[in-house]
Amino acid sequence: MVDVQPPPFRTLDDFLLSSARFSVPDFRNLERWNNRIINNLLYYQSNYFASAVGFFLIVGYFQPFQLILGATVVTLLFLGFVWAAENKAAIRRFRRNHPSLSLVAILGCSYLLLSVLGGVAVFLFGIAFPIFLTLVHASVRLRNLKNKMENKLESIGLKRTPMGLLLEALGQEQEAGS
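Residues numbered from 1 in each chain as written. Predicted model: local features only at pLDDT ≥ 70, side-chain atom pairs only at ≥ 80, totals over all residues. Heavy atoms only, no water.

Caption draft 1: Layout of a nonpolar patch on the surface. The grouping of Tyr111, Leu112, Leu124, Phe125, Phe129, Phe132, Leu133 and Val136 at the surface amounts to a nonpolar patch, some 740 Å² of accessible area in total. Among the elements of the structure, α6 (99-117) and α7 (120-140) are those that each provide at least two residues to the nonpolar patch. Locating leucine 112 in the fold gives a position in helix α6. Looking at leucine 112, the relative accessible area reads 55%, which means it is exposed. (Patch = residues over 30% accessible without salt bridge, like charges linked within 9 Å, V, L, I, M, F, W, Y side chains within 5 Å. Areas by Shrake-Rupley, 256 points an atom, 1.4 Å probe, with all protein chains shown as cover. Salt bridge = Lys/Arg side-chain N within 4 Å of Asp/Glu carboxyl O. Helix = DSSP H or I, 4+ residues; strand = E, 2+ residues; numbered from the N terminus. Buried < 20%, exposed > 50% of the residue type's maximum accessible area, 1.4 Å probe, protein only.)

Caption draft 2: Broad picture of the packing of helix α2 (residues 30-43) against helix α9 (residues 162-169). Across the interface, α2 lies against α9 with an axial gap of 8 Å and an inter-helix angle of 145 degrees. For the crossing formed where α2 meets α9, the hand is right-handed. The residues of α9 that touch α2, namely those facing Ile38, Leu41 and Leu42, are Met163, Gly164 and Leu167. Of the residues in the contact of α2 with α9, the class split is 5 nonpolar, 1 polar and no charged. (Axes fitted to C-alpha atoms, helices over the stretch in contact; angles between N-to-C directions. Left-handed = near helix turned anticlockwise from the far one by under 90°. Contact = heavy atoms within 4.5 Å. Nonpolar A, V, L, I, M, F, W, Y, C, P; charged D, E, K, R; others polar.)

Caption draft 3: Looking closely at the pattern of salt bridges. All chains considered together, the criterion is met by 3 salt bridges. Ionic pairing is found between arginine 28 and aspartate 26, a salt bridge with its closest N-O pair at 3.2 Å. Taking relative accessible area as the criterion, arginine 28 reaches 77% and is therefore assigned exposed. In this structure, arginine 95 engages glutamate 86 in a salt bridge whose closest nitrogen and oxygen atoms are separated by 3.3 Å. Looking at arginine 95, the relative accessible area reads 2%, which means it is buried.

Caption draft 4: Inspection of the packing of aromatic side chains at higher detail. Taken as a whole and assessed by the stated rule, the structure comprises 8 aromatic pairs. The interplanar angle of 80 degrees and the centroid separation of 4.8 Å between the aromatic rings of tyrosine 43 and tyrosine 44 together place this pair among those described as edge-to-face. The pair tyrosine 43 / tyrosine 44 is uniform in exposure class, with both members buried. Each member of the aromatic cluster is reached from another via a ring pair, and the members are Phe15, Tyr43, Tyr44 and Tyr48. Above the face of the phenylalanine 22 ring, arginine 141 is positioned so that its terminal group lies 5.9 Å from the ring centre. (Phe/Tyr/Trp six-rings, centres within 6.5 Å; stacked < 30°, edge-to-face > 60°. Lys NZ or Arg CZ within 6 Å of the ring centre and 35° of its normal.)

Caption draft 5: The environment of arginine 141, seen in detail. Looking at the element boundaries, arginine 141 is found in the loop between α7 and α8 (145-155). Given the relative accessible area of 1%, arginine 141 is considered buried. Among all residues touching arginine 141, those that are not within four sequence positions of it are Asp14, Phe15, Ser19, Ala20, Arg21, Phe22, Arg36, Asn40 and Tyr44.

Caption draft 6: Quick peek at the side chain of asparagine 40. Structurally, asparagine 40 is set in helix α2. Classification of asparagine 40 by relative accessible area gives buried; the value is 0%. For asparagine 40, the contacting residues outside a window of four places in its chain are Gln45, Tyr48, Ala138, Arg141, Arg143 and Asn147.

Caption draft 7: Geometry of the UniProt feature "transmembrane region" (unreviewed entry) in the protein chain. Within this numbering scheme, the UniProt entry marks residues 41-61, 67-85, 97-114 and 120-140 as carrying the feature "transmembrane region" (unreviewed entry). When the span residues 41-61 is considered, its composition is 95% helix and 0% strand, and the gap between its end C-alpha atoms is 27 Å. For residues 67-85, the helix share is 100%, the strand share is 0%, and the end-to-end C-alpha distance is 27 Å. (UniProt positions renumbered as here; feature names shortened; annotations may be inferred.)

In structure tokens, the structure reads:
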């Protein structure tokens, strides 16, 4: 964990404004779409993290207890899923073969547990909404040359980042040839 380096923030111009290029992904080619999402998650991870923290702070200001409760439930379920995937071969195969369903399962279980505890609205807006916005941006943002070069360094192991570790825990290791 010592060699994990947080990546730099990307400029607002590169992230959202004039130099940013967006396009609807080709839904028929799921492998290419998945590759675009993973590469954008790795490249813009500092921007996504800052956006999520800003959103969490706003929601936490109005509903602090429910946000902490929601974050605790999601974190515990995520850690339980990662532990089960490391110790149970069937869950590991499911995680590798169906990464989107794995994320939906974690968020769905979190939603069900929080609906029993009463923090549904805070969960939806404080936790799921930033994840949704991140996935939408990662899906529609086209990659540039700098993005591709940074992702190569991450994929061949020269750089280790927090998002790279998270994607690895979800079974989405980046392949050196992509």
